[in-house]
Amino acid sequence: MNQKLKASIMESLSSVLPITFIVLLLSIFVVPLDVGTVSMFFVGAVMLIIGMGMFQLGAETAMSPLGEGIGTQMSKFKNVALIAFIGFVVGTLVTIAEPDLQVLSNQVPSVPNMTIILTVSVGVGIFLAAAVLRIILKINLAYLLIGMYAVLLILSFFVPKDFLAVAFDSGGVTTGPITVPFIMAVGVGLSSIRGDKDASSDSFGLVALSSIGPILAVMILGCCYNPQNTAYSSAEIPSVKTMSDVFRAFAIEIPNYAKEVLISLAPIAAVFVVFQLFSRRYRYRQIQRTAVGFVYTYIGLVLFLCGVNVGFAPVGTLLGSSLAGGENKWLIVIIGMLIGYFIVKAEPAIQILNHQVYSVTNGAVSEKSMNLCLSIGVSVSVGLAMLRILTGIPIQWIIIPGYILALIMSKFVPKIFVGIAFDSGGVASGPMTSTFLLPLCIGACEVLGGNIMTDAFGVIALVALTPLIAVQIMGLQYKYKLYVKQKNITDNNIIPPDSDEIVEFGEE
């Protein structure tokens, strides 16, 4: 086996194993599950592990270099309008390629699927163009975020209540396993030729701004369509008695996901072909390497999506309904937080983000620190989502104060942490959130007789929110350690480093 692939699969194994172990314990001691259901779950977990490992290797060898190459090439153009147009086209095509967008479109049957897909894609395209211009023109990210989120929060009071949570969820769903590595690499490419001190910090923030676009677009769409009969079709667990039945259940679905992912990756492959024809950037061996990367990405996503949707999602719904329907229904808040803590590590794009953060900051922000911050943030968000289901708290009561706090914090943390924090929110809310946590909330809400559209939906939005605060708290910790370091240098009559300079957390 390819050593890089083996290492990638082992890394995904360590990420998925904790959540698998938690579900196993719940099925034994809290929510007894039949052997067939557990078998479906474990086969799904194996497919998820292999698929995520192959995807990460594919993204590393194909998606990231392509995105970085496009970003570098764009930065060489003198025409600002042309740069914005390329950003718009790339953002739109890559978002159409995002498999998670199909999940969102199917949740709103009163609006045609293609209408939602195009609306969200154009929203991402417009805001990616704005994010690209921000890097080129060196505009402060915090000011843009404050302005854009202020518009979103004001507009939220005019969006139909049954559609608001879906609108906020769209921001997290559209920054999934395909868009994140590509868009983040574009940012690295754009800032790579800049030699100023802010180049590293400006490489982040593209995902953050791109996440605002779909929220705003879907809010406007909701005001136009004003849907009243939106519904969600819960995933059903196939009836299986033997391992042959389990194999058949997955084998039936694999061709569907193979077709879906092929259609999803086609626009990005087209972007690569067009980019190569115009730039002649890659030599034959690089083209060959990128092609192999696309194959890894394709196979990995097929296995991942099939494993998650067929094996994980139905179990999520069943666990949610069983936990909420028991005598100690408040236990679902604690269990939800525990699941949230570990499930974020199984998101395919998380490791891409963590690795990029580690590289850009020269190890100042370690992958371990990022994992801990994101795990704590997502744990809190899932707990809040479960609390909403039990109490019926409107999502605005959490979203509005949360974003206000995150935006206020952005004025006090180092610039690079602002970009990392707001990028991490979009990355954390990936396919595992939409196909396991959302069904978990749906199942609990159905049993408790709540309104699914107002109470269950919104978990993706909350998962996208809390990492913003958690990572910026880490930024404040970093700033304090930098202050201590500067003070020690000053006391010894040495010229202190610049306040935006990145230093190691453990450096004395």
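Residues numbered from 1 in each chain as written. Predicted model: local features only at pLDDT ≥ 70, side-chain atom pairs only at ≥ 80, totals over all residues. Heavy atoms only, no water.

Participant: Provide a residue-level description of the overall build of the protein, including the pertinent values.
Facilitator: The helix and strand tally for the protein stands at 20 helices and zero strands. Each of the 508 residues in the protein was classed as buried or not, and the buried ones make up 59%. Restricting to contacts in the protein with at least 6 residues of sequence separation, those with at least 24 account for 86%. Accessible surface, the protein as shown: approximately 20,200 Å² in total, 65% of it carbon and sulfur. (Helix = DSSP H or I, 4+ residues; strand = E, 2+ residues; numbered from the N terminus. Buried < 20%, exposed > 50% of the residue type's maximum accessible area, 1.4 Å probe, protein only. Contact = heavy atoms within 4.5 Å. Areas by Shrake-Rupley, 256 points an atom, 1.4 Å probe, with all protein chains shown as cover.)

Participant: Requested: an account of the environment of serine 170, with residues and values cited.
Facilitator: Relative to the elements of secondary structure, serine 170 occurs in helix α7 (residues 161-173). A relative accessible area of 0% places serine 170 in the buried class. On a C-alpha basis, the gap between serine 170 and alanine 461 in space is 7.8 Å, while along the polypeptide they are 291 residues apart. A polar contact is formed between the side chain of serine 170 and the backbone oxygen of alanine 167, at a distance of 2.5 Å. Within the structure, the side chain of serine 170 is placed 3.3 Å from the backbone oxygen of proline 214, a separation counted as a polar contact. (Polar contact = N/O pair within 3.5 Å; in protein donor to acceptor, adjacent residues only side chain to side chain.)

Participant: Go over the confidence of the model for the protein with me, naming the residues and quoting the values.
Facilitator: Scored by pLDDT, the protein comes out at a mean of 81, with 88% of its residues at no less than 70. When the criterion is pLDDT under 50, residues 503-508 qualifies, and its contacts beyond four places in sequence or with other chains add up to 16 contacts. (pLDDT = per-residue confidence, 0-100.)

Participant: Mind laying out empty space enclosed by the protein, listing which residues take part and the relevant values?
Facilitator: With the rule as written, the count across this model stands at two cavities of 30 Å³ or more. Reported here for the largest cavity is a volume of approximately 80 Å³. Lining the largest cavity are 13 residues; nearest its centre among them are Tyr149, Ser211, Tyr403, Gly426 and Ala464. Residue assignment for the lining of the largest cavity shows that the elements contributing at least two residues are α7, α10 (206-225), α17 (415-428) and α20 (459-491). Taken together, the residues of the lining of the largest cavity break down into eight nonpolar, five polar and no charged. The volume enclosed by the second largest cavity comes to roughly 40 Å³. Lining the second largest cavity, in full, are Val23, Leu24, Ser27, Leu33, Thr37, Val38, Phe41, Phe42 and Val315. Elements represented by at least two residues in the lining of the second largest cavity include exactly α1 (3-30) and α2 (35-75). Here the residues of the lining of the second largest cavity sort into seven nonpolar, two polar and no charged. (1 Å grid on protein atoms, 1.4 Å probe; cavity = no way out; pocket = protein on both sides within 12 Å on 5 of 7 lines; lining within 4 Å. Points joined across faces, edges and corners; volume = space filled by probe spheres on them. Nonpolar A, V, L, I, M, F, W, Y, C, P; charged D, E, K, R; others polar.)

Participant: Requested: an account of the pattern of salt bridges, with residues and values cited.
Facilitator: Oppositely charged side chains may form a pair once their charged atoms are brought near each other. Taken as a whole, this structure holds one salt bridge when the rule is applied. Two residues, aspartate 245 and arginine 248, come together in a salt bridge whose shortest N-O distance is 2.8 Å. One end of the pair is aspartate 245 and the other is arginine 248, both in helix α11 (residues 243-279) and three residues apart, which spans about a single turn. Overall, the relative accessible area of 43% leaves arginine 248 in the partly exposed class. (Salt bridge = Lys/Arg side-chain N within 4 Å of Asp/Glu carboxyl O.)

Participant: So what about the packing of α1 against helix α12 (residues 284-325)? Which residues, and what values?
Facilitator: With their axes 12 Å apart at the nearest point, α1 and α12 run at an angle of 10° to one another. When the interaxial angle is binned, α1 and α12 end up roughly parallel. Contacts between α1 and α12 involve Lys4, Leu5, Val23, Leu26 and Val30 from the first element and Arg289, Tyr296, Val315, Leu319 and Leu323 from the second. (Axes fitted to C-alpha atoms, helices over the stretch in contact; angles between N-to-C directions. Parallel < 35°, antiparallel > 145°, perpendicular 65-115°, else oblique.)

Participant: An account of a nonpolar patch on the surface is needed here, citing residue identities and associated values.
Facilitator: Together, Phe21, Leu25, Ile28, Phe29, Val30, Leu331 and Ile334 make up a nonpolar patch on the protein surface, roughly 690 Å² of accessible area in all. Sorting the residues of the nonpolar patch by element identifies α1 and α13 (331-343) as the ones contributing at least two each. Residue contributions to the nonpolar patch peak at five residues, all from α1. Here phenylalanine 21 lies in helix α1. (Patch = residues over 30% accessible without salt bridge, like charges linked within 9 Å, V, L, I, M, F, W, Y side chains within 5 Å.)

Participant: Can you tell me about the state of the cysteines, naming the residues and giving the values?
Facilitator: Tallying each qualifying case throughout the model produces zero disulfides. Free of any disulfide, cysteine 445 has its nearest cysteine sulfur in cysteine 441, 8.5 Å distant. (Disulfide = S-S within 2.5 Å.)

Participant: Mind laying out unusual backbone geometry, listing which residues take part and the relevant values?
Facilitator: Even without being a glycine, arginine 280 presents a positive backbone phi close to 50°. A relative accessible area of 61% means that arginine 280 is categorised as exposed.

Participant: Please provide a residue-by-residue account of the packing of aromatic side chains, values included.
Facilitator: In the structure shown here, the tally under the stated rule is seven aromatic pairs. When the centroid spacing of 5.8 Å and the interplanar angle of 35° are considered together, the rings of phenylalanine 272 and tyrosine 282 count as tilted. Taken together, the positions of phenylalanine 272 in helix α11 and tyrosine 282 in the loop between α11 and α12 put the pair ten residues apart, joining distant regions of the chain. Tyrosine 282 gets classed as buried once you look at its relative accessible area, which sits at 10%. Each member of the aromatic cluster is reached from another via a ring pair, and the members are Phe272, Phe275, Tyr282 and Phe294. (Phe/Tyr/Trp six-rings, centres within 6.5 Å; stacked < 30°, edge-to-face > 60°.)

Participant: If you had to explain the packing of helix α15 (residues 367-391) against α20 to someone new, which residues and values would you point to?
Facilitator: Two elements in contact, α15 and α20, have axes separated by 7 Å at closest approach and are oriented at 140°. When the interaxial angle is binned, α15 and α20 end up oblique. For α15 against α20, the interelement crossing comes out right-handed. On α20, the residues that touch Ser369, Met370, Cys373, Leu374, Gly377, Val378, Val380, Ser381, Val382, Leu384, Ala385 and Arg388 of α15 are Val459, Leu462, Val463, Thr466, Pro467, Ala470, Val471 and Met474. Looking at the contact of α15 with α20 residue by residue, the class counts come to 15 nonpolar, four polar and one charged. (Left-handed = near helix turned anticlockwise from the far one by under 90°.)

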